[in-house]
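Chain by chain, the residues:
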Amino acid sequence: MSLKINLLVCLFIFHLLAAASVRGHKIGIYEIKKGDFSVKITNYGATIISVLLPDKHGKIGDVVLGYDTIQEYKNDTSYFGATLGRVANRIGGAQFTLNGIHYKLVPNEGKNMLHGGPKGFSKVVWKVSKYVKDSPSPYITLTYYSADGEEGFPGAVLASVTYALKDPYKLSVVFRAKALNKATPINLSHHPYWNIGGHNSGDVLSQVLQIFGSHITLVDKQFIPTGEIAPVKNTPYDFLKPRKVGSRINKLKNGYDINYVLDSNEKMKPVGIVYDKKSGRVMDVQASAPGVQFYTANGVNNIKGKGGFVYQPHSALSLETLVFPDAVNHPNFPSTIVNPGEKYVHSVLYTFSIKK
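Residues numbered from 1 in each chain as written. Predicted model: local features only at pLDDT ≥ 70, side-chain atom pairs only at ≥ 80, totals over all residues. Heavy atoms only, no water.

1. Comments concerning the packing of aromatic side chains
- Applying the stated criterion across every chain yields a total of 21 aromatic pairs.
- When the ring of Phe 37 is compared with that of Tyr 169, the centres are 5.5 Å apart and the planes differ by 50 degrees; the resulting orientation is tilted. Of this pair, Phe 37 sits in strand β2 (residues 37-42) while Tyr 169 sits in the loop between β12 (157-166) and β13 (170-179); the two residues are 132 residues apart in sequence, bridging distant segments of the chain.
- Using a relative accessible area of 1% as the deciding quantity, one classes Phe 37 as buried.
- Where Tyr 67 meets Tyr 73, the ring centres are 5.1 Å apart and the plane angle is 85 degrees; that geometry is what we call edge-to-face. Here Tyr 67 and Tyr 73 have matching classes, each one buried.
- Aromatic ring contacts, followed pair by pair, group Tyr 67, Tyr 73, Phe 80, Tyr 193, Tyr 295, Phe 309 and Tyr 311 into a single cluster.
- Just above the ring of Tyr 275 sits the side chain of Lys 355; from NZ or CZ to the centre is 4.5 Å. (Phe/Tyr/Trp six-rings, centres within 6.5 Å; stacked < 30°, edge-to-face > 60°. Helix = DSSP H or I, 4+ residues; strand = E, 2+ residues; numbered from the N terminus. Buried < 20%, exposed > 50% of the residue type's maximum accessible area, 1.4 Å probe, protein only. Lys NZ or Arg CZ within 6 Å of the ring centre and 35° of its normal.)

2. Remarks on the pairing of strand β3 (residues 47-54)
- In terms of residue burial, β3 counts as a mostly covered element, since seven of its eight residues are buried.
- The sheet contact formed by β2 and β3 spans five bridges and is antiparallel. Each bridged residue has a counterpart across the sheet, and for Ile 41 the counterpart in β3 is Ile 48.
- Relative to strand β4 (residues 60-62), β3 runs antiparallel, the two being bridged by three bridges. In the sheet register, Leu 52 faces β4, and the bridge partner there is Asp 62.
- The loop that links β3 with its antiparallel partner β4 comprises five residues; one of these, Gly 58, has a positive phi angle of about 85 degrees. (Pairing = 2+ DSSP bridges.)

3. Quick notes on a nonpolar patch on the surface
- There is a patch of nonpolar side chains on the surface, built from Tyr 145, Leu 158 and Leu 180 and spanning about 290 Å² of accessible area.
- Here Leu 158 is to be found in strand β12. (Patch = residues over 30% accessible without salt bridge, like charges linked within 9 Å, V, L, I, M, F, W, Y side chains within 5 Å. Areas by Shrake-Rupley, 256 points an atom, 1.4 Å probe, with all protein chains shown as cover. Salt bridge = Lys/Arg side-chain N within 4 Å of Asp/Glu carboxyl O.)

4. Some thoughts on the UniProt feature "active site" (unreviewed entry) in the chain
- Per the UniProt annotation, the sites labelled "active site" (unreviewed entry) are His 191 and Glu 320. A maximum C-alpha distance of 6.1 Å is found for the annotated residues, which run over 130 residues; spatially they form one tight group. Narrowing the list just given to those that line the largest pocket leaves His 191 and Glu 320.
- Position of His 191 relative to the elements: it lies in the loop between β15 (189-190) and β16 (208-211).
- Classification of His 191 by relative accessible area gives buried; the value is 3%.
- With near-sequence residues (within four places) excluded, His 191 lies in contact with Ser 78, Tyr 79, Phe 80, Gly 81, Ala 82, Leu 84, His 115, Tyr 295, Ser 318 and Glu 320.
- Examined against the element boundaries, Glu 320 turns out to sit in strand β26 (residues 318-322).
- In this structure Glu 320 touches Leu 84, His 115, Ser 189, His 190, His 191, Gly 291, Val 292, Gln 293 and Tyr 295, once residues within four positions along its chain are discounted.
- Within the structure, Glu 320 has its side chain in polar contact with the side chain of His 191 (distance 3.2 Å). (UniProt positions renumbered as here; feature names shortened; annotations may be inferred. 1 Å grid on protein atoms, 1.4 Å probe; cavity = no way out; pocket = protein on both sides within 12 Å on 5 of 7 lines; lining within 4 Å. Contact = heavy atoms within 4.5 Å. Polar contact = N/O pair within 3.5 Å; in protein donor to acceptor, adjacent residues only side chain to side chain.)

5. Details of unusual backbone geometry
- A cis amide bond, omega 0 degrees, links Gly 85 with the succeeding residue Arg 86.
- Structurally, the position occupied by Arg 86 is in the loop between β5 (83-84) and β6 (90-91).
- One non-glycine residue, Ala 94, adopts positive backbone phi at about 50 degrees.
- On the secondary structure map, Ala 94 appears in the loop between β6 and β7 (95-98).
- The backbone of Phe 223 sits at a positive phi, close to 65 degrees, despite the residue not being glycine.
- Inspection of the secondary structure puts Phe 223 in the loop between β17 (215-219) and β18 (225-231).

Laid out in structure tokens, this is it:
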């Protein structure tokens, strides 16, 4: 009898360990590098923690905000560098109806859901499925299995993100996902806080920005889209021609936090170009998504970051390419619904250069 009990106990422990090994992956930091261009990523939240590249004087600088330790990323509430999902940005009322079924999600911004909820894709450990460090085109692929019902979403989803370095000074980011057994909304993005002058160079208000979107999705006081799409002409949101980020920011309450409807219908659309005169760095963004959320780090206030540098409002900008916020509740917006058997792909390409 005792032998049987011991065997049962052993089997029980084995299954517990096996389950734990599937759920839990060791948190690490991984670097992909090409010459003097390098990117570091952690599989906690599939997060970009640094992007290093030279300025016009050849001096290497880190152009994304972030922290020195993984624990700080675990405590982070600003989504520094994180992958966002199952649905990036906001879902109004943390609810939606799909195929006649009403789903209530887990709110984490008042009554609304932001970036997938309190345990969104930014707060989980991803599996490192491929890591090719020594190659002319180094890359890393991270995967995450999101269970049916996670944060209230229907169906299981298998998601991945691949970070790859291309010539010259190009960072490719490709998000992929599959709905495994039920139709579900999927809208993956990520949240690097870019300051191409250097993460510790101060605010981005003097940097020059162009956004290739002539319309925005209007929002209410809680930043939930009303469903109305309005032109940017003659408003502070007009960046169709290059202008300084801070040129009209004083006409807004806190700063920019709005989704632009990209004008192009190409597969890879021009999104935006950022130029920092002091460093000479230029960042050109292209993506396959129909929209981009432009955010000027309005909520960043006295956050101690890398090397002890303290980040303040407008110390960075984000260009989060995505399907429009709250699309699941607006039939006039592009759809975020992915059915079983369909594949979701969202590609982003950052091209860095020097303008002397």
